[in-house]
Every structure is written in C-alpha cells, then in structure tokens.
Amino acid sequence: MVDKISLDVPMLRIPHPGPKTMAHLERVRRAEGQSGLTFALSPETLVMERAQGWAVEDIDGNVFLDFVAGFGSLNAGHCHPRVVKAIRDQAVKLHQAMSVAAEARTQLLEKILSLVPGPSEKKVHFATSGSEAAEIAIKLARRATGRHEIIAFGGGFHGRTMGALSLMGRKNQREGLPVLVPGAHHIPYPYPYRSPFGREAETCIEGTIRYMEELLGNPASGWGEVAAVILEPVQGNGGMIPAPLGFLRALRELCDRHGLLLILDEVMSGFCRTGEVFAFEHEQGVEPDLLVLGKSLSGGIPLAACVAKRKIADAAAPGTESGTYSGNVIACAAGLASIAVYEDEGLKERANEMGSYFLERLNGLAGEYEMIGEVRGRGLMLGVELVADRTTREPLPVAKMACETALKKGLLLYPGGHYGNVIAFLPPLIVGKEQIDRATAILEEVLLEVEKNPN
Ligand SMILES: Cc1ncc(COP(=O)(O)O)c(C=O)c1O
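K.L.:
Got a minute to help me understand the site of the ligand in this structure?
P.N.:
Around the ligand sit Ser129, Gly130, Ser131, Phe157, His158, Gly159, Glu232, Asp265, Val267, Met268 and Lys295, and those are all the residues in its vicinity. At 2.9 Å, a side-chain N or O of Lys295 approaches an oxygen atom of the ligand. Among the residues forming the shell around the ligand, the class breakdown is 3 nonpolar, 5 polar and 3 charged.

Put into structure tokens, the structure is as follows:
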C-alpha cells in the first residue's frame with residue numbers, strides 16, 4: 001500500500017510554495033470562486049499531483065505528510081490499491097445506474113445495515129454528500145413526527161446546504177444569509193472545557209440535559225413542536241470535542257421521555273476513525289433513530305447515507321429522497337472495498353492503538369507549551385486547543401496560521417474550533433509511530449514559531 005512516495009515523508013525539495021504551485025494558483029484564482037476552495041486560495045495552499053497512503057506530492061515535487069486525509073474521507077489512506085481496483089473494475093462494467101438497483105449498490109446497503117448496531121430494523125437512503133444526507137435526516141424526522149423544530153448544538157457542523165446550514169451556529173458560514181430554514185434551536189455542546197453548565201464531565205452532562213428538559217417542559221420557553229435532536233458524537237470541525245461519555249445515553253433517555261428523534265451525524269467520526277466503527281458505540285445502549293454517514297463510507301468517492309429506523313425511513317413517499325447520483329455504483333464499489341480494508345487491516349484497533357500513542361505525544365507537548373489549553377479526542381480524531389491564558393482559557397485564535405506554518409514544513413493539518421483555536425488531526429488510520437513522531441516534531445517547531453509571534 002505504501003509506494004516510494006510514502007517512504008520518506010515529508011520531503012520538501014524546494015521551499016513551499018514552489019514556482020509551479022504559484023503559477024497554477026494564479027490560474028485557479030482567475031477561474032474559481034473563492035468560496036469553493038477550503039484553504040481560500042491563500043498563497044500557502046498546495047496543488048496536488050498524486051498521493052499514496054499518507055503522502056501527497058504537489059506539482060513542484062514536494063511531498064507532504066497528510067494528517068487531514070481528505071477531511072476524514074480517506075481512513076484507508078490515499079489510493080489504496082484495493083479501492084483503486086474496485087473503482088476500475090466497476091467503471092468498465094457499469095458506471096452510472098441513476099438510482100436504479102445494481103449489485104454493488106445493494107451489497108453496500110446490506111453491508112451498512114450489518115455494521116450499524118442496535119435491535120431496531122433499519123433502512124438506508126443514499127446521498128452524494130454529507131450535507132445532503134443530513135438534509136434527508138431532517139426531512140425524514142419532520143415527515144415521521146409531523147413536527148418541524150430541530151435542536152442542534154453550537155459548534156456543530158452538518159453541511160453547507162440550506163437545511164444543514166440552518167443547524168450550524170458558525171457566523172462566517174451564515175454571513176449574508178439572514179433567513180435560513182426556520183425551526184432550528186441551538187444550545188451549547190457538552191464541551192466540558194468551555195461548557196456554561198460545568199467543567200467536569202458529570203456536571204456538564206447533567207447541566208446540559210437539565211437545560212434541555214427545562215426548555216422542553218416549559219410551555220413558555222419558546223420551544224414548541226420539536227421533532228429531533230441532531231449532534232456529532234465527536235464534534236469535528238468544532239474542534240475535535242468528544243461528548244463526555246454518558247451524555248449520549250442521557251440524551252437518548254431524554255429523547256425517549258419527550259418523543260424526540262435522535263439523529264447522530266457520524267460523517268467524520270464514522271468508519272473506525274474513533275476506535276469503534278461508529279463513535280456512538282463507545283457508550284452502551286445508545287441506538288440513534290437516524291444516523292448520517294459520509295466521507296470514509298466510500299474512501300474518497302462522493303457518497304453518503306442516512307440510516308433510519310424502518311418506520312422513519314418509510315415516512316417519505318417513493319422517490320422523494322432519490323437523486324441522479326444517489327448511490328452511484330462506482331462510489332458503492334469503492335465503499336465496499338474501503339470497508340473490507342478497514343476490516344481486513346484491523347483499522348478500528350489501529351485507530352485505538354495509534355490514537356493512544358499520538359495522544360501521549362501531544363500531552364507531552366502540553367507539558368512544555370503553556371499555549372496548549374487542552375489535548376483531546378477519540379481514536380485518531382484528535383485536537384489541540386490553543387489558549388492565550390491557561391487559567392482564564394481565553395482562546396488563542398491562531399489555528400489557521402499554525403496550520404499554514406505546518407504546511408510550509410511539509411505537514412498537512414486542519415484548523416478548527418469554535419474560536420479558530422484548535423489544530424485538528426485526522427491522519428489516515430494506517431499511519432504508524434514513525435509518521436506520528438514526524439508530525440509531533442513538526443508541530444513542536446510550529447508551536448515554537450507561534451509562541452515567538454502569536455499575532
Ligand atoms: C460531521 C459532518 N457532517 C456533515 C458534513 C458535510 O459533509 P459534505 O462536506 O460531504 O457535504 C461534514 C463535512 O465536513 C461533517 O464533518
């Protein structure tokens with residue numbers, strides 16, 4: 001799986017960004033809308049040429065160590081040979097089946113159902129992106145309950161389409177769009193480091209649930225026809241924040257008491273990323289009513305899914321949640337091959353093992369650098385939260401700058417956090433100690449530079 005470009009990574013032949021990169025970005029700048037590129041066309045971005053495993057080579061021949069992995073869509077790494085073969089084999093046989101049944105598609109439906117634990121019978125709707133799958137979940141929840149309000153959590157990320165965006169609190173994403181889909185209520189995520197309800201897991205869980213209980217039970221609260229609660233079991237874009245263990249079970253019980261549906265968004269945390277196939281499996285006895293999946297479901301080929309309990313799934317009339325590319329057969333073939341790789345290469349176990357090792361290394365840095373307020377995460381979904389002051393926990397919003405500095409040193413990282421102060425780590429689950437050690441060493445150089453020049 002690891003060819004020669006993966007062996008000595010990172011390897012910068014010339015300072016990044018090189019001349020070909022600069023010239024290419026000029027072309028992109030002229031042709032592409034600035035909102036279409038994740039790293040917003042900053043001169044520090046890269047132009048990818050090819051990739052393998054954890055290594056990405058740019059058009060100047062610089063090779064980067066990838067700890068972003070397609071924002072978590074490449075849990076088996078770039079261009080895994082089994083995934084590539086499955087894509088090739090499917091492409092020459094049948095590459096577009098619309099939303100009509102075909103073998104790879106049906107096999108993946110069955111495989112997804114076999115992976116999702118819980119006693120209830122379930123069904124799957126395919127979608128093309130995580131945003132679209134979140135839309136399907138919201139629509140099914142509304143149709144199944146006849147109610148329309150949705151409770152979402154600050155810092156949550158469910159996508160950029162209008163419905164999914166309505167559930168996101170993030171100012172920069174909502175700017176210029178004062179009217180979104182009505183009916184969303186935002187409450188604080190169980191984020192013990194910053195929760196207004198308590199800084200210990202237990203008080204944070206208890207306070208958050210009590211707050212919800214009050215708003216649901218009080219006829220004057222402003223909450224009315226609530227259909228569902230949606231959340232990520234580990235907030236990704238929000239800063240790699242795992243909900244404290246015990247929260248999902250308490251939330252499940254609250255949903256049952258009030259007749260609300262529980263929607264879990266595992267677009268980023270799913271498929272072994274956190275050391276379980278799905279992050280909600282870290283707690284016993286939690287079965288979501290709807291589960292939103294994407295990214296590593298199909299190893300980097302656009303595909304997403306919404307799994308719902310049977311009655312909820314059937315609340316929509318035939319064809320109403322279909323689409324030209326829903327469950328595209330190439331994506332399904334890639335999905336089947338990717339899941340086989342996760343299973344055959346023991347990537348769930350590896351995420352646990354390497355996650356513990358990486359967490360230890362990051363905690364080592366926290367012992368030396370005051371600006372690290374917290375190191376956290378589950379499996380290989382990790383984050384480092386930067387603060388100006390450890391006592392007050394005042395955020396230090398330099399994650400973007402830190403990630404740009406890391407890129408110049410050959411390491412791909414991704415900035416996140418409610419305050420733009422979290423450096424996020426989402427390496428492919430195939431990384432070993434050697435790659436983690438390289439990443440930690442580069443991160444230390446980055447922290448030293450940020451410490452010298454925090455503005
Ligand atoms: C938790 C979560 N939900 C939904 C989405 C949206 O997925 P997509 O970008 O495929 O639309 C993302 C994307 O990062 C995500 O992290």
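Next comes the rest of the account.
K.L.:
Looking at this model, I keep getting lost on the packing of helix α3 (residues 81-93) against helix α11 (residues 329-344). Mind explaining?
P.N.:
Between two packed helices, what matters for the description is the angle formed by their axes and the separation of those axes. The N-to-C vectors of α3 and α11 enclose an angle of 155°; their axes lie 8 Å apart at closest approach. Put simply, α3 runs roughly antiparallel to α11. In this structure, α3 meets α11 at a crossing whose hand is right-handed. Contacts from Arg82, Val83, Ala86, Ile87, Gln90 and Ala91 of α3 reach α11 at Val329, Ile330, Ala333, Ala334, Ala337, Ser338, Ala340, Val341 and Asp344.

K.L.:
Is there a simple way to explain the side chain of Arg376 in this structure?
P.N.:
With respect to the helices and strands, Arg376 occurs in strand β13 (residues 372-378). Taking the relative accessible area as the measure of exposure, Arg376 reaches 7% and is therefore buried. Here Met240 takes part through its backbone oxygen, which lies 3.2 Å from a polar atom of the side chain of Arg376. Not counting residues up to four positions away in its chain, the partners in contact with Arg376 are Tyr191, Tyr193, Gly239, Met240, Ile241, Pro242, Leu359, Met381, Leu382, Gly383, Glu385 and Val422.

K.L.:
In this structure, what is going on with the pairing of strand β12 (residues 304-309)? I would like to understand it.
P.N.:
Successive residues of a regular strand alternate their side chains across the two faces of the sheet. With 6 of its 6 residues buried, β12 lies for the most part within the structure. Of the two faces of β12, the one carrying Ala304, Cys306 and Ala308 and the one carrying Ala305, Val307 and Lys309 are both buried. Across 6 bridges, strand β4 (residues 122-127) lies against β12 in antiparallel orientation. Paired with His125 across the bridge in β12 is Cys306.

K.L.:
Just checking my understanding: could you explain the domain arrangement of the protein for this structure?
P.N.:
The extent of an interface is frequently quoted as the accessible surface area lost upon association of the parts. Looking at the protein, the domain boundaries give domain 1 (4-79 + 346-452) and domain 2 (82-344). Using only C-alpha atoms to locate each centre, domain 1 and domain 2 end up separated by 25 Å. Between domain 1 and domain 2, the contact holds 40 residues from the first and 39 residues from the second. Buried area between domain 1 and domain 2, both sides added, is near 3200 Å², and the carbon and sulfur share of it is 55%. Interface area lost by domain 1 to domain 2 is led by Arg378, Met381 and Arg393, which between them contribute 27%. Between domain 1 and domain 2 we count 1 salt bridge in total. Taking the shortest distance from any N to any O, the salt bridge between Arg194 and Glu385 comes out at 2.7 Å.

K.L.:
What am I meant to see in the pairing of strand β10 (residues 261-265) here?
P.N.:
Counting buried positions over the 5 residues of β10 gives 5, a clear majority of the element. The alternating pattern of β10 places Leu261, Ile263 and Asp265 and Leu262 and Leu264 on opposite faces, both of which are buried. Relative to strand β11 (residues 290-293), β10 runs parallel, the two sharing 3 bridges. Its bridge partner lying in β11, Asp265 is registered against Val292.

K.L.:
Help me understand the packing of helix α4 (residues 103-115) against α11, please; the structure alone is not making it clear to me.
P.N.:
Here α4 crosses α11 at 40°, and the two axes come no closer than 8 Å. Compared by their axis directions, α4 and α11 come out oblique. The handedness of the crossing between α4 and α11 is left-handed. Contact residues: Ala104, Arg105, Gln107, Leu108, Lys111 and Leu115 in α4; Val329, Cys332, Ala333, Gly335, Leu336, Ile339 and Glu343 in α11. Of the residues belonging to the contact of α4 with α11, the class tally is 8 nonpolar, 2 polar and 3 charged.

The rules behind each value
- Residues numbered from 1 in each chain as written.
- Predicted model: local features only at pLDDT ≥ 70, side-chain atom pairs only at ≥ 80, totals over all residues.
- Heavy atoms only, no water.
- Near = heavy atom within 4 Å.
- Polar contact = N/O pair within 3.5 Å; in protein donor to acceptor, adjacent residues only side chain to side chain.
- Nonpolar A, V, L, I, M, F, W, Y, C, P; charged D, E, K, R; others polar.
- Axes fitted to C-alpha atoms, helices over the stretch in contact; angles between N-to-C directions.
- Helix = DSSP H or I, 4+ residues; strand = E, 2+ residues; numbered from the N terminus.
- Parallel < 35°, antiparallel > 145°, perpendicular 65-115°, else oblique.
- Left-handed = near helix turned anticlockwise from the far one by under 90°.
- Contact = heavy atoms within 4.5 Å.
- Buried < 20%, exposed > 50% of the residue type's maximum accessible area, 1.4 Å probe, protein only.
- Pairing = 2+ DSSP bridges.
- Domains from an automatic or database assignment.
- Buried area = accessible area lost by both parts, 1.4 Å probe.
- Salt bridge = Lys/Arg side-chain N within 4 Å of Asp/Glu carboxyl O.

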